[in-house]
Amino acid sequence: MPDHRDLLAKPRLMLARRPHDPVDLPRRVTGRFRPACRAGTKPYDIICDVTSQPEEAVFLRACRREPVPYTPVWYMRQAGRALPEYRKARARTPMLTACATPDLITEITLQPVRRYGVDAAILFSDIVVPLKAIGVGIDIAPGVGPVVDRPIRAEEDLAQLRSLEPGDVPYITEAVKSLLSELSGTPLIGFAGGPFTLACYLVDGGPSKSFDKTKALMYGNPPLWNKLLGRLADITSSFLAVQAGAGVQAIQLFDSWAGALSPEDYRRSVLPHSSRVFAALAGAGIPRIHFGVGTGELLGLLGEAGADVVGVDWRVPLDEAARRVEPGKALQGNLDPAVLLAPWDTIAQRAREVLERGRTAEGHVFNLGHGVLPDTDPDMLARLTDLVHAGSGDGPA
Ligand code: CP3
């Protein structure tokens, strides 16, 4: 295991820039590393102090809809197969073993922060980790996704889902603690799967395009459905509480497949359970992000569930998304991850459009509309981070 301390040791440093100056922030003090920055007292000066308080980090300020010197950026699935160093670190370790090994969690979480200079790290884990931790027979098949030994279809299958105790996931607490000291200032995002998305894997038994069995249970047996989602909401809340207790500075609920539902069905069958998760985290005092794919028609409801930041996929432009969520929410998104496979000029043009539309939101965290695709050239993501930082500021994008 390499020692990252050298890479991450940052000199005490303060810089100021005018809004239209070329970006001269110490983006990579050593290696690719983004310092935490805060708005200065003068209206257009930016003071960048790598030792500033983590809660002043630009990512957290944008989540809180406070003024920011530039648009912060991170990428969903930023840790993963697009990175050669990830493939190397994971070479001999199955996915869920890696997710339970603190040294590997720490190393893989840091890799994209070094490489891309992003404004936030996301804990390397998976949405099925808490299920595995309570003894559900579940694994991640390479190139396929989560597969379940005994899918949940009847009342007696619920016995698989006991509650999650902090002692079930000691490696999460350990990894978060070690990351907080290594990251010194760059916020760490914790995450979990939303109750609906977890149910999709548990009921259908594995990846699916339309989640027929899951929806059949939802429509056909509402009492069992509500028991199932209730238990999943408890497990998810506990898993996020462990991460928050260990010190993550924001959390994201990935309800990736919620877009399979109409607004009415989402409101009736999912929203009460997801709301319970957000309510359980309210006391942590950290930004709560809520994301799902294909959720254009659900954006208002994703906010209503109790999120501070609503994640938007690439199908709805951010100015339109801003109209669809109630006031008091920041937005996150939303460059189509497939745009990263196009030539740089196209990427740059599309990213500028996202930034421009993002200005209409009360707060904007730049991200992709879904996870980084495995074929993405990491250099394009590094350039994109630079473009977002340079092209946001106070001037035109
Ligand atoms: O964002 C990050 O970098 C943090 C890591 C992260 C992983 N999974 C690691 C991972 C996060 C945030 C997730 C969330 C996750 N996992 C979601 C929600 C996000 C989304 O994409 O909508 C879902 C649906 C899952 C379930 C899951 N796990 C799938 C569908 C897959 C892909 C299967 C495959 O191999 O293509 C996984 C595996 C997985 N999770 C990988 C990684 C890095 C790939 C494992 C490998 O290297 O083989």
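A word on the site of the ligand. Near the ligand, the surroundings consist of 26 residues, among which Arg77, Tyr86, Asp126, Ser256 and His370 are the closest. Contact distances for the ligand include 2.9 Å between an oxygen atom and a side-chain N or O atom of Arg90. Asp126 is positioned such that a nitrogen or oxygen atom in its side chain is 2.8 Å from a nitrogen atom of the ligand. Calculation on the ligand without its partners gives an accessible area of 860 Å², and the protein chains cover 91% of this total. Every element with two or more residues in the shell around the ligand is listed here: helix H3 (84–90) and strand S6 (145–148). Here the residues of the shell around the ligand are counted per class, giving 15 nonpolar, seven polar and four charged.

Across the sheet, which stays open at both edges, the seven strands sit in the order S4-S7-S8-S9-S10-S11-S12 with parallel pairing between neighbours. Looking at which strands have only one partner, the edges of the open sheet turn out to be strand S4 (121–122) and strand S12 (364–368). The pairing of strand S9 (residues 288–291) with strand S10 (residues 309–311) spans two bridges and is parallel. Its bridge partner lying in S10, Ile289 is registered against Val309. Set on the sheet, helix H15 (residues 344–358) makes contact with strand S11 (330–335) and S12; between it and S12 the angle comes to about 150°.

With 128 residues, the main nonpolar core has Phe59, Leu161, Leu228 and Leu384 as its most contacted residues. When residues no more than four places from it in sequence are discounted, the contact partners of Leu384 are Tyr75, Leu335, Leu340, Trp344, Ile347, Ala351, Phe366 and Leu368.

With that settled, the discussion passes to the pattern of salt bridges. Note that side chains of opposite charge can pair when their charged atoms are close. Counting across every chain of the model gives 20 salt bridges. Glu362 is the salt-bridge partner of Arg65, the closest N and O atoms lying 3.2 Å from each other. Here the residue Arg65 occupies a position in the loop between helix H2 (58–63) and H3, and Glu362 occupies one in the loop between H15 and S12, the gap between them amounting to 297 residues. Assessed through its relative accessible area of 36%, Arg65 is described here as partly exposed. Between Glu264 and Arg268 there is a salt bridge, with its nearest N and O atoms 3.5 Å apart. One end of the pair is Glu264 and the other is Arg268, both in helix H11 (residues 263–269) and four residues apart, which spans about a single turn. The burial state of Glu264 is the same as that of Arg268; both residues are exposed. Through salt bridges that share partners, Glu56, Arg61, Arg64 and Glu66 make up one connected network.

Omega for the peptide link from Gly333 to Asn334 comes to -5°, which places this bond in the cis form. Take Asn334: it is sitting in strand S11. We note that Arg77 has phi near 60°; this positive angle belongs to a residue other than glycine. Tracing the backbone through its elements, the reader meets Arg77 in the loop between H2 and H3.

The rules we used
- Residues numbered from 1 in each chain as written.
- Predicted model: local features only at pLDDT ≥ 70, side-chain atom pairs only at ≥ 80, totals over all residues.
- Heavy atoms only, no water.
- Near = heavy atom within 4 Å.
- Polar contact = N/O pair within 3.5 Å; in protein donor to acceptor, adjacent residues only side chain to side chain.
- Areas by Shrake-Rupley, 256 points an atom, 1.4 Å probe, with all protein chains shown as cover.
- Helix = DSSP H or I, 4+ residues; strand = E, 2+ residues; numbered from the N terminus.
- Nonpolar A, V, L, I, M, F, W, Y, C, P; charged D, E, K, R; others polar.
- Pairing = 2+ DSSP bridges.
- Contact = heavy atoms within 4.5 Å.
- Axes fitted to C-alpha atoms, helices over the stretch in contact; angles between N-to-C directions.
- Core = buried A, V, L, I, M, F, W, Y, C linked by side-chain atoms within 4.5 Å.
- Buried < 20%, exposed > 50% of the residue type's maximum accessible area, 1.4 Å probe, protein only.
- Salt bridge = Lys/Arg side-chain N within 4 Å of Asp/Glu carboxyl O.

On their own, these measurements won't tell you what the molecule is for.
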